[in-house]
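# Coordinates in review
Letter by letter, the chains look like this.
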Amino acid sequence: MNSAPMTSHRLGRGDCLHVAARPVRVLADQGTLWVTQDGVPADMEVDAGSERDFQCHGGLTIGTFGGEAALRLLPLPEHDAATALRRLRRWLGIVHRKVQP
């Protein structure tokens with residue numbers, strides 16, 4: 001279960017919000033948002049009243065289309081595959097260290 005709180009943000013004309021690489025749901029309460037995800041060539045548009053999930057292997061930059069906007073960010077739990085891969089890397093690192101003299 002995810003215990004991280006939802007955060008609210010207001011953006012004015014020309015403001016941007018940078019979000020670290022982590023799975024997150026972007027909920028647009030007012031205005032139209034543009035979202036750029038590091039490593040993804042196409043930007044996404046999130047209109048007022050809608051939401052979009054980002055798995056965020058890179059960070060996000062969120063801005064507005066010319067006006068003000070209000071949004072909420074809800075941290076999401078990582079997918080099971082991402083968690084399993086991280087655990088496997090950690091396990092392989094432990095095995096690798098034990099094998100070396």
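Below or above, wherever it landed, is the structure these notes cover. Everything numeric here is computed off the predicted structure, so don't read it as measured data. (Residues numbered from 1 in each chain as written. Predicted model: local features only at pLDDT ≥ 70, side-chain atom pairs only at ≥ 80, totals over all residues. Heavy atoms only, no water.)

### Some details on the overall build of the chain
When helices and strands are counted, the chain shows 1 helix and 8 strands. Seen in sequence order, the chain has helices and strands lined up from the N terminus as β-β-β-β-β-β-β-β-α. By the burial criterion, 29% of the 101 residues in the chain qualify as buried. If you take every contact in the chain between residues at least 6 apart in sequence, the share linking residues at least 24 apart comes to 72%. (Helix = DSSP H or I, 4+ residues; strand = E, 2+ residues; numbered from the N terminus. Buried < 20%, exposed > 50% of the residue type's maximum accessible area, 1.4 Å probe, protein only. Contact = heavy atoms within 4.5 Å.)

### Some details on the sheet that holds strand β1 (residues 7-11)
By definition, the strands of a sheet pair up through backbone hydrogen bonds, in either a parallel or an antiparallel sense. In spatial order, the strands read β1-β8-β3-β6; together these 4 strands make up an open sheet with antiparallel pairing. A single partner strand is all that each edge strand has here, and the edge strands are β1 and β6 (51-54). The average angle at which neighbouring strand axes cross in this sheet is 25 degrees, direction not considered. Bridge count for strand β3 (residues 24-30) against β6 is 4 bridges, and the pairing is antiparallel. By the bridge assignment, R25 is partnered in β6 with D53. (Pairing = 2+ DSSP bridges. Axes fitted to C-alpha atoms, helices over the stretch in contact; angles between N-to-C directions.)

### Things to note about the sheet that holds strand β7 (residues 60-64)
The strand order across the open sheet formed by 4 strands is β2-β7-β4-β5, and the pairing between neighbours is antiparallel. In this open sheet, the two edge strands, each paired with only one partner strand, are β2 (16-19) and β5 (44-46). On average, each strand axis in the sheet is tilted by 25 degrees relative to the strand beside it, whichever way the strands run. Of the pairings in the sheet, the one linking strand β4 (residues 33-37) to β7 comprises 5 bridges and is antiparallel in character. Residue pairing in the sheet places L33 in a bridge with T64 of β7.

### Points about the environment of A48
For A48, the location among the structural elements is in the loop between β5 and β6. Assessed through its relative accessible area of 45%, A48 is described here as partly exposed. Placed 22 residues apart in sequence, A48 and A70 show a C-alpha to C-alpha distance of 8.6 Å. Dropping the residues within four chain positions of it, A48 is found in contact with A28, D29, Q30 and G31.

### Side note on a nonpolar patch on the surface
Residues L85, L88 and L92 make up a contiguous nonpolar surface patch of roughly 250 Å² in combined accessible area. Among the structural elements, L88 can be located in helix α1 (residues 80-99). Owing to a relative accessible area of 42%, L88 belongs among the partly exposed residues under this scheme. (Patch = residues over 30% accessible without salt bridge, like charges linked within 9 Å, V, L, I, M, F, W, Y side chains within 5 Å. Areas by Shrake-Rupley, 256 points an atom, 1.4 Å probe, with all protein chains shown as cover. Salt bridge = Lys/Arg side-chain N within 4 Å of Asp/Glu carboxyl O.)

Take it as geometry only, folks, not as evidence of what the structure does.
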